[in-house]
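Below are the chains, spelled out letter by letter.
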Amino acid sequence: MSIYEDYIKEIEERKNEGLQPKPIDESHLISAIIEQIKDLDNPYRTDSLKFFIYNTLPGTTSAAGAKAKFLKEIILEEESLEEITPAFAFELLSHMKGGPSIEVLLDLALGNNENIASEAAKVLKTQVFLYDADTQRLETAYKSGSAIAKDIIESYAKAEFFTKLPDVEEEIEIVTFIAGTGDISTDLLSPGADAHSRSDRELHGQCIFEHNHDMQNDLIALKEKHPDKRVMLIAEKGTMGVGSSRMSGVNNVALWTGVQASPYVPFINIAPIIAGTNGIAPIFLTTVGVTGGIGIDLKNWVQKKDADGNTVRDAEGEPILEQTYSVETGTVLTINTKEKKLYNGDKELMDISSSLTPQKVEFIKAGGSYAVVFGKKLQTFAAKTLGIDVPVVFAPSKEISHEGQGLTAVEKIFNKNAVGNTPGKTLHAGSNARVEVNIVGSQDTTGLMTSQELEMMAATVISPIVDGAYQSGCHTASVWDSKAQANIPKLMKFMNDFGLITARDPKGGYHAMTDVIHKVLNDITIDDWAIIIGGDSHTRMSKGVAFGADSGTVALALATGEASMPIPESVKVTFKGTMRSYMDFRDVVHATQQQMLKQFGGENVFQGRVIEVHIGTLTADQAFTFTDWTAEMKAKASICISEDDTLIESLEIAKSRIQIMIEKGMDNANQVLQGLIDRANKRIDEIRSGEKPALTPDSNAKYHAEVVVDLDVVAEPMIADPDVNNDDVSKRYTHDTIRPLSFYGGDKKVDLGFVGSCMVHKGDMQILAQMLKNVEAQQGKIDFQAPLVVAPPTYNIVDELKAEGDWEVLQKYSGFEFDDSNPKAAARTSYENMLYLERPGCNLCMGNQEKAAPGDTVMATSTRLFQGRVVKDSNEKKGESLLSSTPVVVLSTILGRTPTMEEYERAVDGIVLTKFSPPNKELSTIAAS
């Protein structure tokens, strides 16, 4: 059977699933199609033409290379087709976004045929995805006296690729569609269990609303009723897009409600319109910008006030909300992009200037942020080549500077890494900044999308200014099924070739690692002044400042070594009092959220801001428990302020783990990992010498708010509860319901426990081992009343536990231990009441492979309590994922219920939990006058 016949067979199979032909990215298939097009008598010729024109992926895919070559032959009249004229061939090249198409256009523009060169130049002037090899060709031709090259470069200097685009519509008519009440997780838009299909955009689109066909049909009906309007997807009485960045979620929304990016590229839609009563989660809003979409903070429900202006509360002390205007499904509204207002008919509802800043309007006009980023870079090249100042075309970056005001930690990091800003000008929060990125992370369920984005922006190698980048295998670690076997090796090869350190060696030279990406990034971050971009919401390092990002922003960081964003405001978190010996640091983390909400009357001052936590003496491993949770606090990022000696200790730990990676054979030809060790040594020397102490804010820095956490009042373990039966739907599945252990009275049934995910470290595994020994000593044996699933986050932790004897303890009590030589080929559907030692990785927290049984009550160290993530509902009972510390989880599974305080204290007796005390001095720097 030929490769084309295989494709036809696949098409027939997809028809049964209601799918169109899969877009082509492979050169062998498109080459076969081209041969059939050339054969005028070929029975498949008509379909082949359609596949060639409308169904071939652009960028640097091998298919795009073959397509561009054939189009060049048509333009040069080496081939002649009635259906594809030279003019049409140029149009097709204009939609291919870079890579081979740019190479062909440059060949033609710099060739000997003046007419063809002129037409090629016209197309080139519309393109922005040029790389160094492309611009060097133009520069060389210009310096050699080429008039065409001069014309193209002058066009780039004037940014005609942007200025000649149509302006954004002044009025955009929309019709509302409420996707849910309360916070909407990106799992609703792109469920974790469907992660394997994300790179197949049409197939993945079927999973929107968690495969709720009634909702999908309602959306279709709404679109049919309002064919001249755009649909705005809404989180009523909540925040849209919490939980993760999920480019796939935005892709799905755009596929159902957006605009096709190109008539010649299937299933790539842009410009979705998304809204929430409490706005859009920060990293999800960035993802919306990638596609040129609009994200709106509706504020259509506000806290009710009494005559004195005080918040009116219900019997449980919760603020009562009242509606200021309705956005019920089917409401027709108008976005006025000139006035930056939202209207219902002639009635002005609210100002939406924050959704339509000059920069965001540019993203909308350009069809996404990438085109603007690459366009600015191209304009800078052109102006430099011509020896002129860069003409002012794009909206100037907002630069906010307050004379005499010190800098927060994040402001210091941004000022150090900023590029393209006014020389010598100090930037404060609110400024827009382009910054160089030090560390980049790609994870495996979004990595295939990142690789597609890199292909579509025509990138072939990692930017040389990136210190290090890592491709993980943690999200597909639990089950080595057919989907993982098909996707992961392909991903690892692409990323390895691109220049990343990869968890799996495409050549099989080292043991495949499934370490949790956040842990690896935390280890390879060797500078407290670093900026980290990672393809996951939990990219929250305890060194430097890290931002979770969508797959596209990750691709942009890999390709350019840069990211663009406003400098966020900061909230300062400090501690007072004494931590009880029987408390875990996870309890301090939960207490921080609880006390913050109480201190600010239920307002989450962390949302969209950087949490600057003055952690002092906790090493990076332990402090990560706090920074990781800040994603659930809806913070944009977090920064740990450490003492000098603690930072040195953290860097030494990082060095040792990077060295292990080198010894495993994971370094590449550029010796990226060795380079990180060298940088760590330099940073340690700077701290020890006093040349550059650990990062601290200035003493006169300005914060949006300051939170002081009182450790004295944290008297018992704290649990984040999804509150699945709350009468107010908007209050379910948030991370804001924090309850003490005693709330459950020692009798809430627990069906399964999970110790794992990025929230745990080596100390948690040691606590688990010691608790098992404690309970056995007290009771004579260990008899689990509920299953306990344990997934260490990294292999090095397993190795260290083995060396120190704790793994042997865990083995003693386990009924299952992972075997890398024979990994699981299918996900578990049921669990026995025993201890499972699972492969390092995300496991239940991800929810894409392993899950608890429907309707279970799960006690977990995870971060995810969203509906359906760790556990689905059953017909009889809602599944619930309660989040707590390792000791609480372990004891809950031994008892089969929540423990009493007496039982808890007895189980942890003599065990050293996280030692933490507030820094005994102010961690700040006196700002220079």
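Residues numbered from 1 in each chain as written. Predicted model: local features only at pLDDT ≥ 70, side-chain atom pairs only at ≥ 80, totals over all residues. Heavy atoms only, no water.

Chemist: If you had to explain the overall build of the protein to someone new, which residues and values would you point to?
Modeler: Tallying secondary structure elements over the protein gives 31 helices and 33 strands in all. Relative to its length of 929 residues, the protein is compact, with a C-alpha radius of gyration of 28 Å against a globular reference of 30 Å. The principal-axis extent of the C-alpha atoms belonging to the protein is close to 90 × 70 × 60 Å. Counting only residues that meet the buried cut, the protein has 61% of its 929 residues in that class. A separation of at least 24 residues holds for 73% of the contacts in the protein among residues at least 6 apart in sequence. Working note: accessible area of the protein is about 35400 Å², and carbon and sulfur atoms make up 47% of it. Within the protein, one finds 92 positive and 131 negative side-chain charges whose respective centroids are separated by 2 Å. (Helix = DSSP H or I, 4+ residues; strand = E, 2+ residues; numbered from the N terminus. Rg over C-alpha atoms; globule rule 2.2 N^0.38 Å. Buried < 20%, exposed > 50% of the residue type's maximum accessible area, 1.4 Å probe, protein only. Contact = heavy atoms within 4.5 Å. Areas by Shrake-Rupley, 256 points an atom, 1.4 Å probe, with all protein chains shown as cover. Lys, Arg positive; Asp, Glu negative; His and termini not counted. Charge placed at Lys NZ, Arg CZ, Asp CG, Glu CD.)

Chemist: With reference to specific residues and values, describe the nonpolar core.
Modeler: Among the nonpolar cores identified, the biggest contains 159 residues, and F209, Y470, F575 and L772 are the most heavily contacted of them. Setting aside residues no more than four positions away along its own chain, F209 makes contact with F177, A179, L188, L189, M215, Q216, L219 and L233. In this structure, I33, L49, F52 and I531 belong to the second largest nonpolar core, which totals 110 residues. (Core = buried A, V, L, I, M, F, W, Y, C linked by side-chain atoms within 4.5 Å.)

Chemist: Would you mind going over unusual backbone geometry in detail, with residue names and values included?
Modeler: With phi around 60 degrees, A458 is a residue other than glycine that occupies positive phi space. Tracing the backbone through its elements, the reader meets A458 in the loop between α19 (444-456) and β17 (468-471). Its identity is not glycine, yet D723 carries a phi of approximately 50 degrees, on the positive side. One can find D723 in the loop between β26 (718-720) and β27 (738-740). Given the relative accessible area of 13%, D723 is considered buried.

Chemist: Please set out the packing of helix α1 (residues 3-15) against helix α2 (residues 27-38) residue by residue, giving values where relevant.
Modeler: At a closest axis distance of 9 Å, the pairing of α1 and α2 adopts a crossing angle of 105 degrees. The angle between the axes of α1 and α2 places the two elements in the roughly perpendicular class. Contact with α1, carried on its side by I3, Y4 and Y7, involves H28, L29, A32, I33 and Q36 of α2 and no other residues of that element. Residue classes in the contact of α1 with α2 are distributed as six nonpolar, two polar and no charged. (Axes fitted to C-alpha atoms, helices over the stretch in contact; angles between N-to-C directions. Parallel < 35°, antiparallel > 145°, perpendicular 65-115°, else oblique. Nonpolar A, V, L, I, M, F, W, Y, C, P; charged D, E, K, R; others polar.)

Chemist: Provide a residue-level description of the sheet that holds strand β8 (residues 294-297), including the pertinent values.
Modeler: Within the open sheet, the seven strands sit side by side as β8-β7-β3-β1-β11-β12-β13. Their pairing is mixed. The sheet terminates laterally at β8 and β13 (347-351), the two strands that pair on one side only. Taking each pair of neighbouring strands and ignoring which way they run, the sheet shows an average axis angle of 30 degrees. Bridge count between strand β3 (residues 230-236) and strand β7 (residues 273-276): four bridges; the pairing is parallel. (Pairing = 2+ DSSP bridges.)

Chemist: Summarise the pairing of strand β11 (residues 332-336); cite the residues concerned and give the values.
Modeler: The buried count for β11 comes to four of five residues, which makes it a mostly enclosed element. Note that strand β1 (residues 171-181) and β11 share five bridges and pair antiparallel. By the bridge assignment for β11, I172 is matched with I335. Summarising the sheet, β11 and strand β12 (residues 341-344) pair through three bridges and their orientation is antiparallel. Counted as the bridge partner of I335 is L342 from β12. Hairpin connection, β11 to β12: the antiparallel pair is bridged by four residues, and K340 has positive phi, about 60 degrees.

Chemist: Summarise the sheet that holds strand β20 (residues 545-548); cite the residues concerned and give the values.
Modeler: Across the sheet, which stays open at both edges, the five strands sit in the order β18-β17-β16-β19-β20 with parallel pairing between neighbours. Of all strands in the sheet, those bounded by a partner on one side alone are β18 (501-502) and β20. Along the sheet, helix α22 (residues 551-560) contacts β16 (439-442), β17 and β19 (531-534); its crossing angle with β16, the most-contacted strand, is approximately 140 degrees.

Chemist: With reference to specific residues and values, describe the side chain of T514.
Modeler: Its place among the elements puts T514 in the loop between β18 and α21 (517-524). Looking at T514, the relative accessible area reads 4%, which means it is buried. A distance of 2.5 Å separates a polar atom in the side chain of T514 from the backbone oxygen of P840. Setting aside chain neighbours within four positions, we find T514 in contact with G473, C474, A477, P793, Y795, R839, P840 and G841. (Polar contact = N/O pair within 3.5 Å; in protein donor to acceptor, adjacent residues only side chain to side chain.)

Chemist: Lay out the environment of R683 with the relevant residues and their values.
Modeler: Following the sequence through the fold, R683 ends up in helix α26 (residues 672-689). The exposure class of R683 is buried, given its relative accessible area of 2%. In sequence terms R683 and I648 are 35 residues apart; their C-alpha atoms lie 8.5 Å from each other. Setting aside anything within four residues of it in sequence, one finds R683 in contact with I526, D527, D528, W529, L651, K692, P693, A694 and L695.

Chemist: Which residues make up the packing of aromatic side chains, and what values do they have?
Modeler: On inspection of all chains with the given rule, the structure shows 21 aromatic pairs. Considering the side-chain rings of Y156 and F161, the 6.1 Å spacing of their centres and the 55 degrees angle between planes classify their relative orientation as tilted. Pair check on accessibility: Y156 and F161 agree, each one buried. Taken together, the ring pairs connect Y4, Y7, Y44 and F51 into an aromatic cluster. Across the ring face of F52, the terminal group of K67 is positioned such that the distance to the ring centre comes to 5.4 Å. (Phe/Tyr/Trp six-rings, centres within 6.5 Å; stacked < 30°, edge-to-face > 60°. Lys NZ or Arg CZ within 6 Å of the ring centre and 35° of its normal.)

Chemist: Give a description of the pattern of salt bridges that names residues and reports values.
Modeler: Once their charged atoms are close, side chains differing in charge can pair, the charge on each being opposite to the other. On inspection of all chains with the given rule, the structure shows 55 salt bridges. We note a salt bridge from E79 to K38, for which the minimum N-O separation is 3.5 Å. Taken together, the positions of E79 in the loop between α4 (62-75) and α5 (86-94) and K38 in helix α2 put the pair 41 residues apart, joining distant regions of the chain. We classify K38 as partly exposed; its relative accessible area is 32%. Here D528 and R683 are joined by a salt bridge, their closest N and O atoms 2.6 Å apart. Taken together, the residues span a long stretch of sequence, with D528 in the loop between α21 and β19 and R683 in helix α26 at a distance of 155 residues. One salt-bridge network, in which partners are shared between bridges, spans D527, D528, R683 and E686. (Salt bridge = Lys/Arg side-chain N within 4 Å of Asp/Glu carboxyl O.)

Chemist: So what's going on with the pairing of β19? Which residues, and what values?
Modeler: On β19, burial covers both faces: I531 and I533 on one face and I532 and G534 on the other are all buried. In this sheet, β20 lies alongside β19 in parallel orientation, the contact comprising four bridges. Across the sheet, the residue bridging to G534 is G548, located in β20.

Chemist: So what's going on with a negative patch on the surface? Residues and values would help.
Modeler: Residues E170, E171, E173 and E339 make up a contiguous surface patch of negative charge. Topologically, E170 is positioned in the loop between α10 (160-163) and β1. Judged by relative accessible area, which is 43%, E170 ranks as partly exposed. (Patch = residues over 30% accessible without salt bridge, like charges linked within 9 Å, V, L, I, M, F, W, Y side chains within 5 Å.)

Chemist: Break down the environment of D214 for me, with residues and values.
Modeler: Secondary-structure assignment places D214 in helix α13 (residues 213-225). Among the residues examined, D214 registers a relative accessible area of 58% and is labelled exposed.

Chemist: Explain helix α8 (residues 132-143) residue by residue, including any values.
Modeler: For α8, which comprises twelve residues, the first-to-last C-alpha distance of 16 Å matches the rise-based estimate of 16 Å (1.5 Å per residue) to within 8%. Regarding α8, the residues found buried are D134, T135, L138 and A141. Burial along α8 is one-sided: seen end-on, the buried residues are contained in an arc of 125 degrees. Those residues of α8 that are exposed and angled more than 90 degrees off the buried face are D132, A133, T140 and K143. Buried-residue contacts for α8 involve α6 (100-109), α9 (147-157) and α17 (369-386). Trailing α8 by a residue or two, G145 shows a phi angle of about 95 degrees, which is positive. (Expected span 1.5 Å × (residues − 1). Arc of directions from axis to C-beta.)

Chemist: Break down α5 for me, with residues and values.
Modeler: Those residues of α5 that sit buried are F88, A89, F90, L92 and L93. Those residues of α5 that are buried lie in contact with α3 (45-54), α4, α6 and α7 (114-124).

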